[in-house]
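Chain residues, written in single-letter form:
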Amino acid sequence: MQYDIIAKERNIYSRSDFISVPKVFLTLPFFNTKRAADQFNDIRISKFQDLKNIKLKALNMSIFNDFEYFLFIYKKMIKSRSRIVEFENNEMLDELHVAKNHRTMYFNDYFDSIEKMSTMIFQYEQDKKRKGFSFFTSYTV
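Let me begin by describing the structure that accompanies this report. (Residues numbered from 1 in each chain as written. Predicted model: local features only at pLDDT ≥ 70, side-chain atom pairs only at ≥ 80, totals over all residues. Heavy atoms only, no water.)

1. Overview of the pattern of salt bridges
Reasoning step 1: According to the stated counting rule, one finds 6 salt bridges in the structure shown.
Reasoning step 2: Here glutamate 95 and lysine 75 are joined by a salt bridge, their closest N and O atoms 3.5 Å apart. On the criterion of sequence distance, the pair formed by glutamate 95 in helix α3 (residues 89-95) and lysine 75 in helix α2 (residues 65-80) is long-range, its members being 20 residues apart.
Reasoning step 3: Classification of glutamate 95 by relative accessible area gives partly exposed; the value is 34%.
Reasoning step 4: Residue class for lysine 75 comes out buried when judged on its relative accessible area of 13%. (Salt bridge = Lys/Arg side-chain N within 4 Å of Asp/Glu carboxyl O. Helix = DSSP H or I, 4+ residues; strand = E, 2+ residues; numbered from the N terminus. Buried < 20%, exposed > 50% of the residue type's maximum accessible area, 1.4 Å probe, protein only.)

Below, the structure written as structure tokens:
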């Protein structure tokens, strides 16, 4: 038997600014809709799949500015396929569509967000080994 398959050419449209975010970032209580007091969230999960004694710690962050900065850095890491990310402040502020007359305010806010992100700590046990990492090992602003 012979089959003749006729296919139409189709254009696929995708947004250049779209990036997939692991659901875990959105479901963790690190990012809040309101600006909460700077206090640590300390989450402990005894077991999840093959991971045990999972500990997540971070300061409260807002879903607005803090999450935008977090997502910008995350996108840069994914696109560059590197653990080291470098960018100019204007590059970030342009992508976030911040008006020129508001940039000083955002820059000060960015410093605070980077300090909060540096407190993110993830620890767990897997295969009788204790593992852990933080969002930043070091940073220079």
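2. As for the packing of α2 against helix α4 (residues 103-117)
Reasoning step 1: Running from N to C, α2 and α4 cross one another at 75 degrees; their axes reach a closest spacing of 9 Å. The angle between the axes of α2 and α4 places the two elements in the roughly perpendicular class. Here Asn65, Asp66, Tyr69, Phe70 and Ile73 of α2 come into contact with α4, specifically with Tyr106, Asp109, Tyr110, Ser113, Ile114, Lys116 and Met117.
Reasoning step 2: Looking at side-chain class alone, the contact of α2 with α4 contains 7 nonpolar, 2 polar and 3 charged residues. (Axes fitted to C-alpha atoms, helices over the stretch in contact; angles between N-to-C directions. Parallel < 35°, antiparallel > 145°, perpendicular 65-115°, else oblique. Contact = heavy atoms within 4.5 Å. Nonpolar A, V, L, I, M, F, W, Y, C, P; charged D, E, K, R; others polar.)

3. Considerations on α2
Reasoning step 1: If you check α2, its first and last C-alpha atoms are 23 Å apart, about what 16 residues at 1.5 Å a residue would give, namely 22 Å.
Reasoning step 2: Turning to α2, its buried residues are Asp66, Phe67, Tyr69, Phe70, Leu71, Phe72, Ile73, Tyr74 and Lys75.
Reasoning step 3: Once α2 ends, the next one or two residues include arginine 81, with phi positive near 55 degrees. (Expected span 1.5 Å × (residues − 1).)

4. A few points about the side chain of serine 113
Reasoning step 1: Along the chain, serine 113 falls in helix α4.
Reasoning step 2: For serine 113, the residues in contact, after removing those within four places along its chain, are Asp66 and Tyr69.

5. Focus on the packing of aromatic side chains
Given two aromatic rings, their pairing is described by the distance between the two centres and the angle made by the two planes.
Reasoning step 1: As enumerated under the stated definition, the model contains 7 aromatic pairs in all.
Reasoning step 2: Centre to centre, the rings of phenylalanine 70 and tyrosine 74 are 6.4 Å apart; their planes meet at 5 degrees, and the pair counts as stacked. You can see phenylalanine 70 and its partner tyrosine 74 sitting in helix α2, 4 residues apart, about one turn around the helix.
Reasoning step 3: With relative accessibility at 13%, the residue tyrosine 74 sits in the buried group.
Reasoning step 4: Look at phenylalanine 87 and tyrosine 110: their rings are 6.4 Å apart centre to centre, the planes differ by 70 degrees, and that puts the pair in the edge-to-face class. (Phe/Tyr/Trp six-rings, centres within 6.5 Å; stacked < 30°, edge-to-face > 60°.)

6. Looking at the sheet that holds strand β2 (residues 40-48)
Reasoning step 1: Pairing is antiparallel across the open sheet formed by 4 strands, whose spatial order is β2-β3-β5-β6. The open sheet terminates on both sides in strands that have one partner only, identified here as β2 and β6 (129-134). For this sheet the average axis-to-axis angle between neighbouring strands, irrespective of direction, equals 10 degrees. (Pairing = 2+ DSSP bridges.)

7. A short note on the nonpolar core
Reasoning step 1: Ranked by size, the top nonpolar core spans 25 residues in total, and within it Phe30, Ile73, Met117 and Met120 carry the most contacts.
Reasoning step 2: Only β3 (51-59), α2, α3, α4 and β5 (121-126) provide two or more residues apiece to this core.
Reasoning step 3: The leading source of residues in this core is α2, at 7 residues.
Reasoning step 4: Each residue touching methionine 117, except ones within four places of it in the same chain, is listed here: Met61, Asp66, Tyr69, Phe70, Ile73, Phe135 and Phe136. (Core = buried A, V, L, I, M, F, W, Y, C linked by side-chain atoms within 4.5 Å.)

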